[in-house]
Amino acid sequence: MKRIPGPVMLDVAGTTLSDADIDRLTHPMTGGIILFARHFENRAQLVALTDAIRDVREDILIAVDHEGGRVQRFRTDGFTVLPAPGRLGELWDRDVLAATKTATAFGYVLASELRACGIDMSFTPVLDLNYGQSKVIGDRALHGDPRVVTMLAKSLNHGLALAGMANCGKHFPGHGFASADSHVALPTDDRALEDILAADVRPYDWLGMSLASVIPAHVIYAQVDDKPAGFSRIWLQDILRARLGFNGAIFSDDLSMEAARAGGTLTEAASAALAAGCDMVLICNQPEEAGRVLKQLRHVPSKASAQRLRQMRPRGKALRWDKLQGQVEYRAARALIEDTLG
């Protein structure tokens, strides 16, 4: 009998598992682990950590924020230091075909290196539009034109898929217009729904079936709802699910962020996000607090939600690091990134 994935993704305390980590890992509400730079000393240690996590919970989903540029958690001991995704948009403006080809290589290198270290998925690509006013997004965005963002994201997603990794578009419906940083404040976007649908939402619509999962923004779109998108049934159910026909998984953004505190305590925020339509909620950099949420949370995932989360598992057997280094496709992809973006 398949175990139902729990609805909480949390992190571990350090670079090895503690007894408290193991207790949290075995809790039925736990469904995922997210890793950060503080969990990385070198590749051998990272592989030992992911192996240890799997020894406790073989079915766990291990994830990381690994986009390239400012948001790349592992950058040494052989990992390719990927440029900011916005560099792909700059390349597009010079050479469309080179940009799409490089985006696929970008996704393949990113995913194959992570999978070689036991990591299942990265929360990428960023689908926000670059309006030139959001410091937290900036060059994390692929481009300012939703058509270009869609085409580059589709190519990048193809590269992820070639390495057996699912994708995750963020931050729905779009964080690029709001200037405040949701890590430290609660951003607002006062545009009309029609304006947001006509621009920021387009990539989510146009990517269609190729989009595996989504993270909603910790942003209040004041003319649509008084709740941040990640806590809003209007955004997640009425617009994303019903209007756009999205059938993939929905992960909350980090509920430890300042913007998520509009949801109350961490347990109240987790309950509100799940009630709004998230399949899994993220609680980052507070393992002990996350442990309290596991004990306090009362949520029974639906069969549909459990299936959406299972579909985020990687496909195919990952190459070990040494074999990956000799793979012709990987070497060519790395060389292409260096030639076009280096």
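As the structure is a prediction and not an experimental result, all values here were calculated from the model.

S.K.: I would appreciate a short explanation of the sheet that holds strand E12 (residues 280-283) in the present structure.
M.R.: The strands making up a sheet associate through hydrogen bonds between their backbones, and the pairing can be parallel or antiparallel. If you walk across this open sheet you meet the eight strands as E6-E3-E2-E1-E12-E11-E9-E7, and the pairing is parallel. Each of the sheet's edge strands pairs with one partner strand only, and the pair in question is strand E6 (121-122) and strand E7 (169-172). The sheet contact formed by E7 and strand E9 (residues 213-216) spans three bridges and is parallel. When the bridges of E9 are listed, Gly169 appears paired with Val214. Here helix H2 (residues 43-56) sits on the sheet and contacts strand E2 (30-35) and strand E3 (61-64); the angle it forms with E2, its principal contact strand, is near 175°.

S.K.: Explain helix H9 (residues 266-276) to me, please; I cannot follow it from the model alone.
M.R.: For the α-helix, the turn length of 3.6 residues means that residues three or four positions removed from each other point alike. Looking at H9, one finds that the buried residues are Leu266, Thr267, Ala269, Ala270, Ala273, Leu274 and Ala276. Positive backbone phi, at 135°, marks Gly277, one or two positions downstream of H9.

S.K.: What's the story with the pairing of E2 in this structure? I'm lost.
M.R.: Burial of E2 is extensive: six of the six residues sit out of reach of the surface. By the bridge criterion, three bridges tie strand E1 (residues 8-10) to E2 in an arrangement that is parallel. Considered in E2, the bridge of Met9 is made with Gly32. With respect to chirality, the unit in which E1 leads through helix H1 (residues 19-25) into the neighbouring parallel E2 is right-handed. In this sheet, E3 lies alongside E2 in parallel orientation, the contact comprising four bridges. Across the sheet, residue Ile33 finds its bridge partner in E3, namely Ile62. Each parallel crossover has a hand, and the one from E2 via H2 to E3 is right-handed.

Quick notes on the rules
- Residues numbered from 1 in each chain as written.
- Predicted model: local features only at pLDDT ≥ 70, side-chain atom pairs only at ≥ 80, totals over all residues.
- Heavy atoms only, no water.
- Pairing = 2+ DSSP bridges.
- Helix = DSSP H or I, 4+ residues; strand = E, 2+ residues; numbered from the N terminus.
- Contact = heavy atoms within 4.5 Å.
- Axes fitted to C-alpha atoms, helices over the stretch in contact; angles between N-to-C directions.
- Buried < 20%, exposed > 50% of the residue type's maximum accessible area, 1.4 Å probe, protein only.
- Right-handed = clockwise from strand over helix to strand, strands pointing away.

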